[in-house]
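# Chain and residue survey
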Amino acid sequence: MIKQVCCIGAGYVGGPTMSVFADKCKDINFNVVDVNADRIAAWNSKDLSKLPIFEPGLDEIVKRCRGKNLTFSTEVHKCISEADIIFISVNTPTKTKGIGAGKASDLKWVESCARQISEHARGYTIVVEKSTLPVRTGEVIKDILDSSQSSLNSKKKNSFDILSNPEFLAEGTAIDDLENPDRILIGGSNENAIKVLHDLYKRWVSEEKIIHTNLWSSELAKLTANAFLAQRLSSINSISALCEVTGADVREVSRAIGKDRRIGSKFLNVGPGFGGSCFKKDILNLVYLANHFGLPEVADFWESVVYLNSWNQDRLTRIILEKLFGTLTEKKIGILGFSFKANTNDTRESPAIQICKNLLNEGAFLKIHDPKVSQKQIALDLGIPSIEECLNEENLNKKNKDKKWEKSLLRNDFFENLDAVVVLTEWSIYSDIDWGKVSKKMRSPGWVFDTRLIVDEEKVINSGLCFWRVGVGTLKRN
Ligand code: NAD
Ligand code: UDX
């Protein structure tokens, strides 16, 4: 009988995943632990708007379960020692130095978890890889766990089974993805351990969606899923560039190809390029593995997906530069959206970072707005001391409690004297901007660049502003 579950890592995966588990399995305690005391304090904050992660619906679940069968603490050793199942949900970023730097995953946090588990776990424990890991990491974890037991006498020996259970949630829709997953993947070799995890998920996921594989297939399937998704985005973004110069419209092309059931209609929205903590890191990991196993052609194929993505971000900068008469020196540009996608406060690998850095390099002055990303985070990402004029919902609420966002923006003169506005994240509020009012504030000729295809072309053009948008050939409009 499973009574205690421990999750190491209270991040974007550990926090929401365990919250949904706790909500669905009220008779089991879920203890989420992390070495980052600030993050844990934020998970425990009374004001639910202060949770460290913004995900629609997450606050409600935390409210229901926290303090009952869901805890957040820094008591890593204690929670490990009490656990029947331990999820490893720590960060696995790309290595920044040493062999494999820039491509291979840095597994130091995973190794540290394995060592802590080997020291503090008691009795029989199922260890679950929730983090995204290179193929055969399960072997490393098992070696660490087993090696610590060999010196103990048989009475004190503990035993472990390792499972791989990668997480497929996407940020911004994490709660829905967790409550209604397309599939649950459980990789491993011990039937009993697989059954225990299977039975937990079975409480809310139908059994035909729970897939069992061997450990290595499960680890590789996660990397492959992300690589396929990212490859789709590089494919459509490459076609969008072709649309712009040929007079085609990428939305029409997407619709036409998406009707083919073999291709499908999802994940075909063009944009400034994919961001987020996973796609680039996981493809580079795949590239490293392919090279490691002597498959350089496979490695090159996947690396081109990442190359195309960076090229796309630089391409957008070049277009902005060209439209603004070839120089950005002293020009004021308003950036709308800094998170890597809408409905998250996460900025990891956000295309906005590279594009803003490029614009700053060209001498532009930036005003940046995002509803959920803090000024501090933006300054950190851009490597600058502070962002004086960055506005976010928190600031606006402080100054202007009862007014709508757009009015607040106008009141705060966000658009005053701007030469251009660049929409980088598809927050829905950016679709409702009153361009008639905005155009009166901007310098002429004012430009609007829409990299997400969410702005109403007619409204912008009617307001007298110049308009450019991704993936739509200008020939068509002439
Ligand atoms: P994150 O950086 O948000 O959180 C990881 C947390 O682990 C941090 O708070 C860190 O302090 C903690 N940690 C690290 N080592 C620790 C240790 N030894 N003991 C206790 N705490 C420790 O990372 P994330 O976005 O939640 O991603 C976690 C894993 O899940 C990664 O492998 C990632 O690739 C994968 N993943 C992420 C997403 C996503 O949308 N973010 C989706 C699917 C899978
Ligand atoms: C991704 C995977 O979708 C998820 O299964 C995995 O567990 C973690 O990595 P995430 O990065 O959170 O999730 O978000 P996702 O919706 O995949 O978007 C990734 C990037 O692609 C974002 O920058 C987004 O704006 C971009 N994107 C997505 C597009 O440009 N067009 C699309 O059609 C979809």
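Residues numbered from 1 in each chain as written. Chains lettered and ligands numbered in written order. Predicted model: local features only at pLDDT ≥ 70, side-chain atom pairs only at ≥ 80, totals over all residues. Heavy atoms only, no water.

### Quick notes on the environment of Arg 232
Tracing the sequence through the fold places Arg 232 in helix H9 (residues 215-246). In sequence terms Arg 232 and Gly 294 are 62 residues apart; their C-alpha atoms lie 25 Å from each other. Excluding anything up to four places from it in sequence, Arg 232 contacts Ile 263, Gly 264, Ser 265, Lys 266, Phe 267 and Leu 268. Polar contacts involving the side chain of Arg 232 include one to the main-chain carbonyl oxygen of Ile 263, which spans 3.0 Å. (Helix = DSSP H or I, 4+ residues; strand = E, 2+ residues; numbered from the N terminus. Contact = heavy atoms within 4.5 Å. Polar contact = N/O pair within 3.5 Å; in protein donor to acceptor, adjacent residues only side chain to side chain.)

### A few points about the domain arrangement of the chain
As assigned here, the chain comprises domain 1 (4-213) and domain 2 (214-478). Taking only C-alpha atoms, the centre of domain 1 and the centre of domain 2 are 32 Å apart. In this complex, domain 1 contributes 38 residues to the contact, which on the side of domain 2 involves 29 residues. Carbon and sulfur atoms supply 59% of the area that domain 1 and domain 2 bury against each other, a total of about 2700 Å² over both sides. (Domains from an automatic or database assignment. Buried area = accessible area lost by both parts, 1.4 Å probe.)

### A word on the side chain of Ser 89
Within the fold, Ser 89 resides in the loop between strand E4 (85-88) and helix H5 (108-120). Polar side-chain contacts of Ser 89 include one of 3.3 Å to the backbone nitrogen of Gly 14. Ser 89 has contacts with Cys 7, Ile 8, Gly 9, Val 13, Gly 14, Lys 130 and Ser 131, leaving out every residue within four places of it along the chain.

### Quick notes on the packing of helix H11 (residues 279-292) against helix H12 (residues 296-323)
Contact geometry of H11 with H12 gives a least axis separation of 7 Å together with a crossing angle of 165°. Taken together, the axes of H11 and H12 are roughly antiparallel relative to one another. For the pair H11 and H12, the crossing hand works out as left-handed. For the pair H11 and H12, contact is made by Lys 280, Ile 283, Leu 284, Leu 286, Val 287, Ala 290 and Asn 291 and by Pro 296, Val 298, Ala 299, Trp 302, Glu 303, Val 305 and Val 306, respectively. (Axes fitted to C-alpha atoms, helices over the stretch in contact; angles between N-to-C directions. Parallel < 35°, antiparallel > 145°, perpendicular 65-115°, else oblique. Left-handed = near helix turned anticlockwise from the far one by under 90°.)

### Digging into unusual backbone geometry
Along the chain, Ser 444 connects to Pro 445 via a cis peptide bond; the corresponding omega equals -5°. Note that Pro 445 resides in the loop between helix H17 (435-441) and strand E12 (447-450). The phi dihedral of Phe 267 falls on the positive side, at around 60°, and the residue is not glycine. When you line up the elements, Phe 267 lands in the loop between helix H10 (250-258) and H11. Phe 267 gets classed as partly exposed once you look at its relative accessible area, which sits at 36%. In this structure, Glu 330 is a non-glycine residue whose phi angle is positive, near 70°. (Buried < 20%, exposed > 50% of the residue type's maximum accessible area, 1.4 Å probe, protein only.)

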